[in-house]
Structure formats: structure tokens, C-alpha cells
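Analysis of the macromolecular model
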Amino acid sequence: MRARELRVVQSKSGQQLSHSQALEQVAKELGYRNWNTAAALLSNYPDISIQVGDHVHGTYLKQPFTGRVLSVTEQGGGAYLRVTLDLDEAVDVVTFDSFSAFRKRINGQIDNKGDSPAKTSDGEPHLSILGHVHN
């Protein structure tokens, strides 16, 4: 989007700027050597960003929740985050009708999209953080 804006501004001043030239200029504005470097490094940023104190929502063992982030620890060189959540209301983590087990504090590992690599038997992530709760 910024590259397009640069091309429009340059065009209005009578100068033509190719799309690749605009991308290179955007990279330099962002402090990168070139567009290839910027694109590679920026693609490593996580889709979800959480920190201690955030109020988040998602699912834990298919049960919807909202809760506060108590801790976040980077793992695997940034590939995963280890999180501890204090849920606003305990969720039942057992699917049997005759038995229940409620959890209010949970620990889990998530990737940069907010999903845990651990899956239930039907392929759903154990933990999915979908985003922040906006009050």
C-alpha cells in the first residue's frame, strides 16, 4: 500500500517510479537494506501478538474462553510461545456426560497464528488464541 502511495506522489510531481523501485524505497524507509530483506524479515512476525496482562479469547479443548495472560515465554527460537492463562470462568475439559473436570488456569504452547501444535483426536488445536478482548 505504501509503495502505491509513493508511485502516486511521484507521478503527480512528474516523475515515474516503477513498482519495484517503490518497494525498494519502502524497505529503506523501514530501515532495511532492500525489499527482499524486508519481506523476509517481516514475514517472520507473528500473526498474533500477546503480552502479559492482555485479555484474550479463544478455545481450549474446544471450549470457548476469555482470560488474562499471566506469562509468555518464547520457545524454539521464536517459533512458539509458552503461555499461561487465567480464565475468566473455568471451562470443562472433559466431554463425558457423567464426569466433569474444570480448569481455570491453563498452560499451553502456541505458534505464530495462535494455535497449539498439540491437537485433539479430531485434529483441533488444544489451545487457540483468537485475539484480544475489546471492552
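Residues numbered from 1 in each chain as written. Predicted model: local features only at pLDDT ≥ 70, side-chain atom pairs only at ≥ 80, totals over all residues. Heavy atoms only, no water.

1. Quick notes on the sheet that holds strand β2 (residues 63-75)
Ordered in space as β4-β3-β2-β1-β5, the five strands form an open sheet in which the pairing is antiparallel. The sheet is open, and its two edges are formed by β4 (102-110) and β5 (127-132), each paired on a single side. Each adjacent strand pair in this sheet contributes to an overall mean axis angle of 35°, direction not counted. Looking at chain direction, strand β3 (residues 80-92) and β4 are connected through eight bridges and run antiparallel. Among the inter-strand pairings, Thr-84 is bridged to a residue of β4, identified as Asn-107. (Pairing = 2+ DSSP bridges. Helix = DSSP H or I, 4+ residues; strand = E, 2+ residues; numbered from the N terminus. Axes fitted to C-alpha atoms, helices over the stretch in contact; angles between N-to-C directions.)

2. What about helix α2 (residues 19-29)?
At 3.6 residues per turn, the α-helix brings residues three or four places apart onto the same side. Among the residues making up α2, those that are buried are Ala-22, Leu-23, Val-26 and Ala-27. One side of α2 carries all its buried residues, which in axial view fall inside an arc of 145°. Remark: Gly-31 follows α2 within two positions and exhibits a positive phi of approximately 90°. (Buried < 20%, exposed > 50% of the residue type's maximum accessible area, 1.4 Å probe, protein only. Arc of directions from axis to C-beta.)

3. Brief notes about the nonpolar core
Within the largest apolar cluster, 17 residues are counted, with the highest numbers of intra-cluster contacts made by Ile-50, Phe-65, Val-83, Leu-85, Leu-127 and Ile-129. Residue contributions to this core peak at five residues, all from β3. Those residues in contact with Ile-129 that lie beyond four places of it in its chain are Ile-48, Ile-50, Val-56, His-57, Gly-58, Phe-65, Val-83, Leu-85, Ile-110, Lys-113 and Gly-114. Grouped together as the second largest cluster of nonpolar side chains are six residues, Leu-6, Leu-17, Ala-22 and Leu-23 included. (Core = buried A, V, L, I, M, F, W, Y, C linked by side-chain atoms within 4.5 Å. Contact = heavy atoms within 4.5 Å.)

4. Overview of unusual backbone geometry
Positioned with a positive phi, Leu-61 is a non-glycine residue whose angle comes to about 50°. Along the polypeptide, Leu-61 turns up in the loop between β1 (55-60) and β2.

5. A look at the pattern of salt bridges
Pairs may arise between side chains of opposite charge once their charged atoms sit close together. Under the definition given, this model contains two salt bridges. Note that Asp-122 is salt-bridged to Lys-62, the shortest N-O span being 2.4 Å. Of the two residues, Asp-122 is situated in the loop between β4 and β5 and Lys-62 in the loop between β1 and β2; the sequence distance between them amounts to 60 residues. For Asp-122, a relative accessible area of 46% translates into the label partly exposed. A salt bridge links Lys-104 to Asp-86; its shortest N-O distance comes to 3.4 Å. Taken together, the residues span a long stretch of sequence, with Lys-104 in strand β4 and Asp-86 in strand β3 at a distance of 18 residues. The exposure class assigned to Asp-86 is partly exposed, which follows from its relative accessible area of 24%. (Salt bridge = Lys/Arg side-chain N within 4 Å of Asp/Glu carboxyl O.)

6. Topic: the side chain of Asp-54
By secondary structure assignment, the location of Asp-54 is in the loop between α3 (35-42) and β1. No salt bridge is formed by the buried Asp-54. Its closest oppositely charged neighbour is Arg-68, at 6.7 Å. In this structure the side chain of Asp-54 is engaged in a polar contact, spanning 2.9 Å, whose partner is the backbone nitrogen of Gln-51. (Lys, Arg positive; Asp, Glu negative; His and termini not counted. Polar contact = N/O pair within 3.5 Å; in protein donor to acceptor, adjacent residues only side chain to side chain.)

7. What to know about the environment of Ile-50
Tracing the sequence through the fold places Ile-50 in the loop between α3 and β1. Separated by 18 residues in sequence, Ile-50 and Tyr-32 place their C-alpha atoms 25 Å apart. Discounting residues that sit within four places of it in the chain, Ile-50 has contacts with Val-56, Val-69, Val-72, Leu-81, Val-83, Ile-110, Ile-129 and His-132.

8. Points about the packing of helix α1 (residues 2-12) against α2
Direction vectors running N to C along α1 and α2 enclose 115°, while the axes themselves pass 8 Å from each other. Taken together, the axis directions place α1 and α2 in an arrangement best described as roughly perpendicular. Like other packed secondary-structure pairs, α1 and α2 cross with a definite hand, here right-handed. Between α1 and α2, the residues in contact are Arg-2, Ala-3, Leu-6 and Arg-7 and His-19, Ala-22, Leu-23, Gln-25, Val-26 and Glu-29, respectively. Split by residue class, the contact of α1 with α2 holds five nonpolar, two polar and three charged. (Parallel < 35°, antiparallel > 145°, perpendicular 65-115°, else oblique. Left-handed = near helix turned anticlockwise from the far one by under 90°. Nonpolar A, V, L, I, M, F, W, Y, C, P; charged D, E, K, R; others polar.)

Everything listed is a geometric property; what it means functionally is a separate question.
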